[in-house]
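# Observations on chain architecture
In case you want the letters, here they are:
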Amino acid sequence: MAVRQIIALLILGIGLAFVPASAEQADKNPANGTPASGQAAPDRSPRVPTFEIKGDLAGRLGVYTTSYEETFAGIGNRLALGYLELVKANPGVDPWLPGEGTTITLPRQYVMPDARREGIVINLAEYRLYYFTGGGVQVYPVGVGTAENPSPLTSAKVTMPLESPAWYPPASIRAEYKASGDYLPRMIPPGPNNPLGSHALLLSEEGYLIHGTNKQFGVGMPVSHGCFRMYNEDISRFVYQVEKGTPVQIVHDPVKIGISGGEVWLEVHRPHESYTQEDRNRLWREVFAEVEVFRASHPGVVVKRRNIELAVDQADGIPTMIGEQLTRVASDKTAADKTPAAPAEPEPTLYF
């Protein structure tokens with residue numbers, strides 16, 4: 001069956017379609033943008049680091065000094081970070097005019113989400129995509145569905161990488177445009193006006209893709225109709241890393257807790273730039289439940305309530321050390337050891 005027919009069957013009834021060439025086919029066809037013989041091959045190395053996973057923690061925080069008229073949207077696009085994660089990591093800094101010489105935090109330290117560490121894991125609560133590869137992990141910002149058009153919580157697989165996809169808007173989206181007085185054609189060809197961007201990964205979850213974008217702003221935010229947006233500079237490299245059949249887990253995990261080197265780390269994500277009392281109360285309940293479950297499954301863990309309160313109060317997506325796992329090593333007793341010891345001072349107990 002021709003590739004065009006296969007793709008037509010895949011998209012039947014979901015309102016999405018693509019040009020027939022897969023990324024691999026386009027890669028071999030000079031007419032589709034592959035450099036002619038003698039020209040340098042495009043750089044397809046990932047823009048983000050591959051971090052070693054140490055227990056449940058990976059990565060490290062970075063810093064960046066801004067220049068005049070830079071914005072968080074532009075910095076995020078250039079450094080492969082999301083707009084909201086930069087905003088939350090840098091309270092008090094104007095995201096649209098941080099100013100000349102301002103030092104900002106780059107939030108590149110992560111507690112691993114509660115999912116299998118294989119293939120792709122998208123955590124909707126933090127607007128990030130984790131790609132587990134070669135014993136390490138790469139982390140990318142992604143735009144996800146809005147509250148009105150949420151992304152699905154599901155397990156899927158990558159079925160096909162695509163280059164220069166065309167977009168056939170679903171009837172629901174065309175109706176939205178019509179209701180607002182705008183016209184949306186039945187097909188948007190590849191190019192600068194195509195919201196799917198330069199490349200895409202087709203998923204087995206019907207109607208959903210990981211794709212690029214024609215807008216710099218919106219990656220790392222809840223802005224889509226359910227699909228997952230990456231920067232074109234990332235997806236154009238990522239499609240050549242990911243194999244067909246790669247598992248994709250989509251989770252919603254705003255409270256992450258783990259151990260690294262005997263230290264207990266907590267990472268809390270508020271959903272928006274603002275932080276309402278309703279969100280704060282909800283996150284506090286989730287943190288309380290998660291910590292209790294974690295302590296029950298990790299005997300010897302002690303936590304500091306003040307550190308937990310700080311993590312919830314900020315909810316900035318930056319891991320906070322909240323405690324440690326105590327270990328006691330048994331040793332053989334000598335005769336001298338059998339002498340009754342003086343009463344010891346009681347150990348302080350840290351109550352959550």
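For the structure, check the block above.
What comes next concerns the included structure. Predicted model, so just to flag it, every value in this text is computed and none were measured.

Another aspect to go through is the overall build of the protein chain. Within the protein chain one finds 8 helices and 19 strands. Contacts in the protein chain between residues at least 24 apart in sequence constitute 70% of all its contacts with a sequence separation of at least 6. On the protein chain, roughly 18,000 Å² of surface is accessible, and the fraction owed to carbon and sulfur atoms is 53%.

Here we take up the sheet that holds strand 11 (residues 199-203). Taken in spatial order, the 11 strands make up an open sheet running 5-2-1-8-7-6-15-10-11-12-14, and their pairing is mixed. Edge positions in the open sheet fall to strand 5 (109-111) and strand 14 (228-229), since each of these has one partner strand only. For strand 6 (residues 119-123) and strand 7 (residues 128-133), the ladder comprises 5 bridges, and the chain directions are antiparallel. Each bridged residue has a counterpart across the sheet, and for asparagine 123 the counterpart in strand 7 is arginine 128.

Read from one edge to the other, the open sheet built from 4 strands follows the order 16-17-19-18, with strand pairing classed as antiparallel. Every interior strand has two partners, whereas the edge strands, strand 16 (255-260) and strand 18 (301-303), have only one. The mean inter-strand angle of the sheet, taken between neighbouring strand axes irrespective of direction, is 30 degrees. Here strand 17 (residues 263-268) runs beside strand 19 (residues 320-325); their pairing, made up of 4 bridges, is antiparallel. Residue pairing in the sheet places leucine 266 in a bridge with threonine 320 of strand 19. Where helix 8 (residues 305-314) meets the sheet, its contacts fall on strand 17, strand 18 and strand 19, and the angle it forms with strand 19 comes to roughly 150 degrees.

Turning our attention to the environment of threonine 66. Following the sequence through the fold, threonine 66 ends up in the loop between strand 3 (62-65) and helix 3 (72-79). Of the residues examined, threonine 66 reaches a relative accessible area of 2% and is grouped as buried. Distance from threonine 66 to proline 98, taken between C-alpha atoms, is 7.0 Å for residues 32 residues apart in sequence. Leaving out residues up to four positions away in the same chain, threonine 66 has contacts with Ile75, Pro98, Gly99, Glu100, Gly101, Thr102 and Ile104. At a separation of 2.4 Å, a polar atom in the side chain of threonine 66 contacts the main-chain carbonyl oxygen of glycine 99.

Tracing the backbone shows aspartate 253 in the loop between strand 15 (247-251) and strand 16. It is lysine 256 that comes nearest to the buried, bridge-free aspartate 253 among opposite-charge side chains, at 6.5 Å. For aspartate 253, the residues in contact, after removing those within four places along its chain, are Pro113, Asp114, Asn123 and Ala125.

Rules behind the numbers
- Residues numbered from 1 in each chain as written.
- Predicted model: local features only at pLDDT ≥ 70, side-chain atom pairs only at ≥ 80, totals over all residues.
- Heavy atoms only, no water.
- Helix = DSSP H or I, 4+ residues; strand = E, 2+ residues; numbered from the N terminus.
- Contact = heavy atoms within 4.5 Å.
- Areas by Shrake-Rupley, 256 points an atom, 1.4 Å probe, with all protein chains shown as cover.
- Pairing = 2+ DSSP bridges.
- Axes fitted to C-alpha atoms, helices over the stretch in contact; angles between N-to-C directions.
- Buried < 20%, exposed > 50% of the residue type's maximum accessible area, 1.4 Å probe, protein only.
- Polar contact = N/O pair within 3.5 Å; in protein donor to acceptor, adjacent residues only side chain to side chain.
- Lys, Arg positive; Asp, Glu negative; His and termini not counted.
- Salt bridge = Lys/Arg side-chain N within 4 Å of Asp/Glu carboxyl O.

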